[in-house]
Each structure stands twice: as C-alpha cells, then as structure tokens.
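# Remarks on the overall topology
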Amino acid sequence: MTTTVFKSESQPDWGMGLVIEDAPDHWVLFFEHGGRKKFIKNKAKGLVQVTLDAKALASLETKSHSRHARTSTTAPKKVKKAGLPKKAVARFESLAQQILFFEKLFPGGFEGERFTNDERGVAGATAGKGGNKSNAIAAAREELSAARFSSATPEELFESATKLLKGTNIVFPIEGAIPFTGLEPKARGTAMAGLKQLLHGEGEYGLRVERFSTSVALKDKKGQPKIVSWPFATVFGALFNATTNSCIKPTPFASQAATLGLAVEKAQPVTARGYAQFHEVVTLTQTKLLAAGQKPRDLLDVASFIWRTHAEKPTETV
C-alpha cells in the first residue's frame, strides 16, 4: 500500500502530514505538529506532496499512532455513562479459578485428548468441533510463504486465503469467509497485496495489522462497506506464525484483561495501539499459564484458552 505525505505551504509550522484516510472526496492527514486535519480534495490549496526517507516516514507513522490519529470508518457504539467506554468485567476472580474451569472443559488441559482433538486438531486428521488449527497452521506456512507470494497469482493466493478462513471456526463466516469471497477481482488483488505486507513486510507488526484491515474492502449483503473485525484482521498472521502473533477476539480478551488486572477497551477499532494492548493480554496469560504448569503449544492455544473459558458459563456442569 502506498503511503502519501503532504506539507502545507500555508501552515508550514504543522510539519509533515501523513494521509491516514483517503476517501473519494477528502483526505484526513496527521501532521507531526498540527495534529489531525481534514481536507476536501477539490478545495484543498497549498498542499504539496513530499517524499520522506524511510527513517523519517517511520518516525511520522509512530507519532501518528501514539496520538491515536487513525479512527474507525464507522461511528463508535454509544455508551451510557458520560460517553465513557464500558468497563470490561472479569468473569473469573483469578487465573487459578479460570484454569480449574478450563480443566473441567478439557480434562488433561492442553495436552488432553479432548482439547487436542476438538479444539486444536491433529495434523492430517479430519476437523473437530473447533476446526483443525494444526492443519490450518501447516497450510498457512506453505500457501502464504514469501516464495509463494512471489510465484502465485493474486487469485491463487486469494483461494488459499479463503481456504484458511474456512478451515477453522475462528472467524464467523458472516464476518469472514462470506464477505471475503464476495470481493471483486480488483479488490482481491489489493487485499492480497495487503496480506503480503502483513505477513512478510517490515516494521511494527501492529501497524501492519492495521494497514491490512484497511486493504480489505469487505461489503455486507446489501453491498455496503463492512468493517473488518479483529478476528479477521489477525487470523492470517496468527496461523502463519502462532508462536509470535495473536488472533484477537475483543470481548473475551477484554474480560481476560480484567482478570489479569489490566484495562483494555473491547469496543475499539483495529489499530496498532489496540493490537499491542490485546497482544499483552495473550502473552501475559501465556506466561502465567506456563508458570502454573500448563503447556500451551503457542499463542493460538492461549487464545483458545481465553475464548473457550469465556464461551461457557462457569456455573454450568461440564
């Protein structure tokens, strides 16, 4: 994806301005000293496009995200108290309590037969209730490798990405496979270029997640733009490198954060800052699980631990 930078001749003290939204009729720019500004394209005067070296561009992008310059294309949900975000409630009083419930759900924990067969999946075996994540990980490493991005056509890569979405139940079809398969050919090419940068690009991974989310022009059944969800934006990276990258479901992750003593807003758009917050929840949970003698294989197992313990009610008999 192309990164565009302008300077304002009428307001030189604003510094360089990074385009953070490029709509048909307007731009939204983040200026290093002037902050966020909106310009109507056919009325914008005094904007001059400039080229920055890699170091200066990276610095401008970092400033942009530290000031939360990027915003969602859809209005945030209303909250009841003075416009403040609703605080996530911890489902479990402690991680120890959560682990006990997890072991009721999955006797033997991560290495037990039920978790291995139903949630993780065994490589080469038929998909269980949770899809076969082991097969999907192997497929992602092969079909979305750097070598294949160099040799395959965008349509071939798109077919591989679609198979991965359908290979697990991580992303609900209505927010993943269904709108994704409806992309037009040109939009598919743009999405695959974004996916290449996500998996094989350089720079901060959270920023690459954010950029990928803007490269996929999903539409709903009425043909209207559909926001890219956190699970969709993060599933490919997590399958490609499950030891490092997180696949995020905001609601249970925000509740998990509360259990760990962290504060993370669940109703936030896909941004680099948001990814860093959710990723901290997963990695801290992993550290505590290992310290408690649990043996998650990778961050995808940790995410499954969070999802499944929040999907079932602790008061139910398992």
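As a starting point, this report considers the structure included with it. (Residues numbered from 1 in each chain as written. Predicted model: local features only at pLDDT ≥ 70, side-chain atom pairs only at ≥ 80, totals over all residues. Heavy atoms only, no water.)

### Description of the side chain of Gln277
With respect to the secondary-structure elements, Gln277 resides in helix H12 (residues 272-291). Side-chain polar atoms of Gln277 contact the side chain of Gln268, separated by 3.1 Å. Setting aside anything within four residues of it in sequence, one finds Gln277 in contact with Val264 and Gln268. (Helix = DSSP H or I, 4+ residues; strand = E, 2+ residues; numbered from the N terminus. Polar contact = N/O pair within 3.5 Å; in protein donor to acceptor, adjacent residues only side chain to side chain. Contact = heavy atoms within 4.5 Å.)

### Quick notes on helix H11 (residues 250-259)
Structural remark: α-helix, 3.6 residues per turn; residues separated by three or four positions point the same way. Across the ten residues that make up H11, a large majority, eight, are buried. Where H11 is buried, its residues touch helix H2 (95-105), helix H10 (230-240), H12 and helix H13 (299-311). Looking one or two places after H11, you find Gly261, whose phi comes out positive at around 85°. (Buried < 20%, exposed > 50% of the residue type's maximum accessible area, 1.4 Å probe, protein only.)

### Some words on the pattern of salt bridges
It is possible for side chains of opposite charge to pair when their charged atoms get near one another. In total, this model carries eight salt bridges according to the counting rule given. Here Glu119 makes a salt bridge to Arg308, at a shortest N to O gap of 2.9 Å. With Glu119 in helix H3 (residues 113-120) and Arg308 in helix H13, the pair connects residues that are 189 residues apart, well separated along the chain. Via salt bridges that share partners, Glu119, Lys133, Arg308 and Glu312 belong to a single interconnected network. (Salt bridge = Lys/Arg side-chain N within 4 Å of Asp/Glu carboxyl O.)

### Points about the sheet that holds strand S4 (residues 35-40)
Two modes of strand pairing occur in sheets, parallel and antiparallel, and in both the strands are linked by backbone hydrogen bonds. The strand order S4-S3-S2-S1-S5 describes an open sheet built from five strands, whose pairing is antiparallel. Of all the strands in the sheet, the pair left with one neighbour each is S4 and strand S5 (47-50). The mean inter-strand angle of the sheet, taken between neighbouring strand axes irrespective of direction, is 40°. Relative to strand S3 (residues 26-31), strand S2 (residues 16-22) runs antiparallel, the two sharing five bridges. By the bridge assignment, Asp22 is partnered in S3 with Trp27. (Pairing = 2+ DSSP bridges. Axes fitted to C-alpha atoms, helices over the stretch in contact; angles between N-to-C directions.)

### Concerning the packing of aromatic side chains
Here a ring pair, both rings aromatic, is described through the centre-centre distance and the interplanar angle of the planes. Inspection of every chain in the model, using the stated rule, returns 20 aromatic pairs. Taking the centre distance of 6.3 Å and the plane angle of 45° together, the rings of Phe180 and Phe236 count as tilted. Within this pair, whereas Phe180 is found in helix H7 (residues 177-181), its partner Phe236 is found in helix H10, the two being separated by 56 residues in sequence. There is no split in this pair, since Phe180 and Phe236 are both buried. Taking 6.3 Å as the distance between ring centres and 65° as the angle between the ring planes, the aromatic pair formed by Phe253 and Phe278 counts as edge-to-face. (Phe/Tyr/Trp six-rings, centres within 6.5 Å; stacked < 30°, edge-to-face > 60°.)

### Some details on the packing of helix H6 (residues 154-167) against helix H8 (residues 185-200)
Direction vectors running N to C along H6 and H8 enclose 70°, while the axes themselves pass 9 Å from each other. When the interaxial angle is binned, H6 and H8 end up roughly perpendicular. Seen from H6, the contacting residues are Pro154, Glu155, Leu157, Phe158 and Ala161; seen from H8, they are Arg188, Gly189, Met192 and Leu195. Split by residue class, the contact of H6 with H8 holds six nonpolar, one polar and two charged. (Parallel < 35°, antiparallel > 145°, perpendicular 65-115°, else oblique. Nonpolar A, V, L, I, M, F, W, Y, C, P; charged D, E, K, R; others polar.)

Nothing here speaks to function; it is all geometry.
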